[in-house]
Amino acid sequence: MKKKLYCIISLILICISLCGCHGSKESSSFVLPESFDETKQYEITFWAKNDTNINQVNVYKKAIKDFEEIYPNITVSLKLYTDYSRIYNDVITNISTNTTPNVCITYPDHIATYMTGNDTVVCLDELLTDEDYGLGGSQVRFDSPEKDEVVDEFLNECIIKGKYYALPFMRSTEALYINKTYVDKLGYEIPDVVTWEWIFEVSEAATEKDPDGNYVVNGQKIMIPFIYKSTDNMMISMLKQLNAPYSEEDGTVLIFNDTTKEILYDIAKHTAKGAFSTFKISSYPANFLNAGQCIFAIDSTAGATWMGSKAPLLDIPKDQIVDFETIVRPIPQYDISDIKMISQGPSLCIFNKTDPQEVLASWLFAQYLLTNDVQIAYGMTEGYIPVTQKAHESAEYQNYLNREGEDDNIYYNIKIEASRLLLENTEHTFVTPVFNGSASLRDAAGSLIENTCKSVNRKETIDDAYFDALFEKLTSLYHLDQISAQRTKKDLGPLPPTSVALLGSLGAAWLLIGAYTIISYRKDKGIK
Amino acid sequence: MKKLLTVLLGLMMILSLSACKKQEEPQVDPEPAPTDDVVVMNYGEYAAAELGSKVVIEAYVQAAQSYWNGAKLYLQDKDGAYFVYCDGKGEDINLSEEDYGKLVPSVDYSAGWTGLCDGTKVRVEGVKSEWSGEVEIAEATVTILEGEKWVAEAEDVTALLGSDELADHMNKKVKFSGLTVAASKDAEGNDVAFLYNWDGSGAEGSNNDLYFNVTNGEAPFTFVVESYLCYEGSEVYEAVKALNVGDTVDLEGFLYWYNGANPHITSVTVR
């Protein structure tokens, strides 16, 4: 009896010792309830991002009001942000205290980081297709789109590690906004799709000054011919267009290569001539464009309402606005027969909670944001496009598109042209692989350009040694070496001595326990 | 045999516990103390330095925005003022979060937090930059210095509103006296005393910036409560929310710049 007790105690001790090495307790995965409990009151929080645009806020508020009328037992509390990074930071902070919102606007890159917590983000695979509560489900109380009515490309962007962890909410791309008046003045004709070579050539032509130090093209002291808002997108798009490596699906970082160097050499050359700058260095492209101090501004189609001398939203005094004709083109390309542009825009993710009914309430609200009412209304606030075919094909949305240019507000022509750019090029869009660390890699991509431009402006030497040092610095700064370390086991090195000793003693203990049991058994049975 | 087994199990338990122990952080050499061979500029030399050039200054921390992968600091010395900027997106951190905590009264960013500081002296090495008119020190390294602290008195620049000369006081702690709150238009076109965000696109409870207009009898000027400097719930934030169009107010804050004067207000008194 005593021996058996020893054995049991030994086993319990081993189990406890092994448990001690494990991380925190895992929270349970979401299990879809059979039905939604409408007898209980649910209060859910929605952290939303807007582009400092009151019209977007009003769409959110109306969506919440309408949804609460359909589901009186759900109350939605709205928290407004104007910056994705702030949402990301707050979510990360709140994961540790189990105070995440129920639903939030975010990027898939960020979700990959949220997912490092156990069951923090709800997997949507089952929810998307559930007959009762899935997209277009029979128990859903509003006209929800079916899963196959969501644009494939946009829905697929929400797949992380083979599963859906987000819903697309709105999509945009980048557009090239051109001061056509100045390009004409410089003697150039704008092609339907411009090349990088062309845009830099015209930009350099625009740097000519008169004897008084004024730029010839605008007669002002300031002219930055070409400004790119998002330099991470710039680098990513250029690499994609050249079919050059960036990263792999599993998180392998490939950005530090010879093609990247060639791109940076080219950018450095044009920066040195005063032809190119960036948002971080100079400020918003729209402000320079509208003041006649920039000819080519690349920014999101979701920033279209700020672009052009008749733009409905302005950030500079009206007396600084210069009158010019604005046109919209895809971002410059290396190969005009194979256009590539980035797909971006807000997605929705749902956070797990202990009460599955609360998660279901969150899902219903997130799903409501895909209805035509919300999609079309939000799409009309900027150069976004709805993410469902159902909305694209609706009479209301088609009417909106067809009224392009009727006024400089709802039907502002630049905004609708920007939307059309993406509608007509959806098959030419791409996204980058999403993994834990992909957001850092994206930041590093932008920093390559920002650092190079800053160094040029400071007249530092730009050569291979400079880029080697820059690559090394950014690898360290953004912990890109750690992403690779997470990905591959072979880099982990040998087991620490304590682990070797532990494993060895575990093996030895089991051997001895086994031997002891056999010997005791043989003794009991009188076997020699 | 039993004793051997007991000893082995005990050994195993100890080893398993040691394996679970948090790995020691590698020893990091302490931040090198500032060396005396660095040439520190006075404010005049800094003001004369070209944009894009490297600068080194020493000044006193008057205020700080909440920490965001680096610090945004309002500095001043007896001759002029500076703004230190870190873009907060993975760029080199200009100041560790731990050192930042030594400059501000608290790092508990709950409602009501303000970043008004008690004037610790720091050395800043960085690049003089300009962004939308705001002259600042970017890519900066901030080192805390020992020695006496100093808090600037707010300088009255009311008479300079609307003049080019106001820019000479950029980033200083300033005050404006006897201004009148002018109406802003909300989304419905109503006259209101303030807006959440510049166009009213924010909301209560979201810690958005507050924008409000004031006038000295001529053109209105837009002032802001920067919500990362004075959080929702702070005295100034709530005071602005209580303003009425037509109120006469005395204001204090830092003369930030964004396409023109854009003071970050830290105090409002209604007369």
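Residues numbered from 1 in each chain as written. Chains lettered and ligands numbered in written order. Predicted model: local features only at pLDDT ≥ 70, side-chain atom pairs only at ≥ 80, totals over all residues. Heavy atoms only, no water.

> What exactly am I supposed to notice about the packing of helix 9 (residues 231–241) of chain A against helix 10 (residues 258–272) of chain A here?
When two helices pack together, you describe them by how their axes are tilted relative to each other and by the distance separating the axes. Residues and elements named next belong to chain A. Viewed as axis vectors pointing N to C, helix 9 and helix 10 meet at an angle of 120 degrees, and their least axial separation amounts to 10 Å. If you check the angle between helix 9 and helix 10, you find them oblique. In the packing of helix 9 onto helix 10, the handedness of the crossing is right-handed. Of helix 10, the residues touching helix 9 (which contributes Met234, Met235, Met238 and Leu239) are Thr259, Thr260, Ile263, Leu264 and Ile267. (Axes fitted to C-alpha atoms, helices over the stretch in contact; angles between N-to-C directions. Helix = DSSP H or I, 4+ residues; strand = E, 2+ residues; numbered from the N terminus. Parallel < 35°, antiparallel > 145°, perpendicular 65-115°, else oblique. Left-handed = near helix turned anticlockwise from the far one by under 90°. Contact = heavy atoms within 4.5 Å.)

> What is the right way to read the packing of aromatic side chains from this model?
Given two aromatic rings, their pairing is described by the distance between the two centres and the angle made by the two planes. All names here are of chain A. All chains considered together, the criterion is met by 53 aromatic pairs over all chains. Aromatic pair Tyr114 and Phe351: ring centres 5.6 Å apart, planes at 50 degrees, arrangement tilted. Pair noted here: Tyr114 is in helix 4 (residues 108–114) and Phe351 is in the loop between strand 14 (347–350) and helix 13 (356–368), with a separation of 237 residues, a long-range link. Each member of the pair, Tyr114 as well as Phe351, carries the same accessibility label: buried. Three or more aromatic residues joined by ring pairs form one cluster here, namely Phe36, Tyr42, Phe46, Tyr60, Phe67, Tyr71, Phe142, Phe169, Phe365, Tyr368, Tyr378 and Tyr384. (Phe/Tyr/Trp six-rings, centres within 6.5 Å; stacked < 30°, edge-to-face > 60°. Buried < 20%, exposed > 50% of the residue type's maximum accessible area, 1.4 Å probe, protein only.)

> Sorry if this is basic, but what is going on with the state of the cysteines here?
One way to say it: the disulfide is the covalent bond shared by the sulfur atoms of two cysteines. Summed over the entire model, instances satisfying the criterion amount to 0 disulfides over all chains. Sulfur of A:Cys158: no disulfide; nearest cysteine sulfur belongs to A:Cys349 and is 10.0 Å away. Free of any disulfide, B:Cys230 has its nearest neighbouring cysteine sulfur in B:Cys117, separated by 11 Å. A relative accessible area of 1% places B:Cys230 in the buried class. (Disulfide = S-S within 2.5 Å.)

> What is the right way to read the domain arrangement of chain B from this model?
The figure often quoted for interface size is the accessible area lost as the parts come together. All names here are of chain B. Domain boundaries assigned for chain B yield domain 1 (43–144) and domain 2 (155–270). Of note, the centres of domain 1 and domain 2, computed from C-alpha atoms alone, are 22 Å apart. Across the boundary between the two partners, domain 1 contributes 27 residues, which contact 20 residues of domain 2. For the pairing of domain 1 and domain 2, the buried interface totals around 1,800 Å² over both sides, and the portion due to carbon and sulfur atoms is 58%. Across the domain 1-domain 2 interface, the total number found is 11 residue pairs in polar contact (both at pLDDT 80 or more). When the residues that make up the side of domain 1 that touches domain 2 are grouped by side-chain class, the tally is 14 nonpolar, 11 polar and 2 charged. (Domains from an automatic or database assignment. Buried area = accessible area lost by both parts, 1.4 Å probe. Polar contact = N/O pair within 3.5 Å; in protein donor to acceptor, adjacent residues only side chain to side chain. Nonpolar A, V, L, I, M, F, W, Y, C, P; charged D, E, K, R; others polar.)

> What exactly am I supposed to notice about the sheet that holds strand 12 (residues 326–330) of chain A here?
Strand pairing in a sheet relies on backbone hydrogen bonds, with the paired strands running either antiparallel or parallel. All names here are of chain A. Spatially, 10-9-11-8-12 is the arrangement adopted by the 5 strands of the open sheet, whose pairing is mixed. For this open sheet the edge positions go to strand 10 (276–278) and strand 12, each flanked by a neighbour on one side alone. Adjacent strand axes in the sheet meet at a mean angle of 25 degrees, parallel and antiparallel pairs treated alike. Note that strand 8 (residues 174–179) and strand 11 (residues 296–300) share 5 bridges and pair antiparallel. Bridging across to strand 11, Tyr177 finds its partner in Ala297. Lying on the sheet, helix 9 is in contact with strand 8, strand 9 (226–228) and strand 10; it crosses strand 9 at an angle near 95 degrees. (Pairing = 2+ DSSP bridges.)

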